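# A closer look at the structure
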Amino acid sequence: MPFIGFAETDRGPAETYDLVLRELEGRGFRVTFSKHHWAGDMPFGLILAESERGKIAVRWRLGRDFSLRLEEVGDEAYEDFVEETIDYLSGD
């Protein structure tokens, strides 16, 4: 089953990307592929990853500290989450 996540960060996009991937590894996800979507003028983004345990999509936003919450969801909920976030990032 896929996972969706919600992260809060006090770092920039590149450092947040690294933090999320390290946190996933620390939680037992062996990430085999990942990519990052964000727009320079928006304080949030989306990290997509594939792992041996399934697909992962993490939506991050600026905040006070770093935190990450994950939940396992069905395929349809995962696809909706990714589509809605990418649409918002692209301004559609």
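Quick caveat, the model's predicted, so the values are computed rather than measured.

## Here's the deal with the sheet that holds strand β1 (residues 3-9)
Where strands meet in a sheet, backbone hydrogen bonds hold them as pairs that are either parallel or antiparallel. Taking strand neighbours across the sheet as the criterion, the 5 strands line up as β2-β3-β4-β1-β5 in an open arrangement whose pairing is mixed. Whereas interior strands pair on both sides, the edge strands pair on one side only; in this sheet they are β2 (31-38) and β5 (67-72). Going across the sheet, the axis of each strand differs from the next one's by a mean of 20 degrees, ignoring polarity. Sitting on the sheet, helix α1 (residues 13-26) touches β1, β2, β3 (44-51), β4 (54-62) and β5, and the angle it makes with β2 is about 150 degrees. Sheet contacts for helix α2 (residues 75-90): β1, β2, β3 and β4; angle to β3, the most-contacted strand, approximately 145 degrees.

## Digging into the pattern of salt bridges
Counted by the stated rule, this structure contains 7 salt bridges. As a salt-bridge pair, E8 and R61 come within 3.1 Å of each other at their nearest N and O atoms. Linking E8 in strand β1 with R61 in strand β4, this pair joins segments that are 53 residues apart in sequence. A relative accessible area of 45% means that R61 is categorised as partly exposed.

## Brief notes about the pairing of β4
With 7 bridges joining them, β1 and β4 adopt parallel strand pairing. Considered in β4, the bridge of T9 is made with L62. Judged from the 8 bridges that link them, β3 and β4 form a sheet pairing that is antiparallel. Across the sheet, the residue bridging to A49 is I56, located in β4. Taking the residues that link successive antiparallel strands as the turn, the β3-β4 hairpin has 2 residues.

## Here's the deal with the nonpolar core
Ranked by size, the top nonpolar core spans 14 residues in total, and within it A7, V20, L24, I47, I56 and V58 carry the most contacts. Secondary structure elements with two or more residues in this core: β1, α1, β3 and β4. In this structure, I47 is in contact with T16, Y17, V20, K35, H36, I56, A57, V58 and W60, ignoring residues within four places of it in sequence. With 10 residues, the next largest nonpolar core counts I4, V73, F81 and L89 among its residues.

## Notes on α2
Within an α-helix, residues lying three or four positions from one another point in the same direction, as the helix has 3.6 residues per turn. With 16 residues, α2 extends 23 Å from end C-alpha to end C-alpha; this agrees with the ideal 22 Å at 1.5 Å per step. Listed as buried for α2 are Y78, F81, V82, T85 and L89. Axial view of α2: buried residues confined to an arc of 90 degrees, hence all on one face. Summarising the geometry of α2, the exposed residues directed more than 90 degrees from the buried face are E76, E84 and Y88. Among the structural elements, β1, β2, β3 and β4 are those in contact with the buried residues of α2.

Parameters at a glance
- Residues numbered from 1 in each chain as written.
- Predicted model: local features only at pLDDT ≥ 70, side-chain atom pairs only at ≥ 80, totals over all residues.
- Heavy atoms only, no water.
- Pairing = 2+ DSSP bridges.
- Helix = DSSP H or I, 4+ residues; strand = E, 2+ residues; numbered from the N terminus.
- Axes fitted to C-alpha atoms, helices over the stretch in contact; angles between N-to-C directions.
- Contact = heavy atoms within 4.5 Å.
- Salt bridge = Lys/Arg side-chain N within 4 Å of Asp/Glu carboxyl O.
- Buried < 20%, exposed > 50% of the residue type's maximum accessible area, 1.4 Å probe, protein only.
- Core = buried A, V, L, I, M, F, W, Y, C linked by side-chain atoms within 4.5 Å.
- Expected span 1.5 Å × (residues − 1).
- Arc of directions from axis to C-beta.

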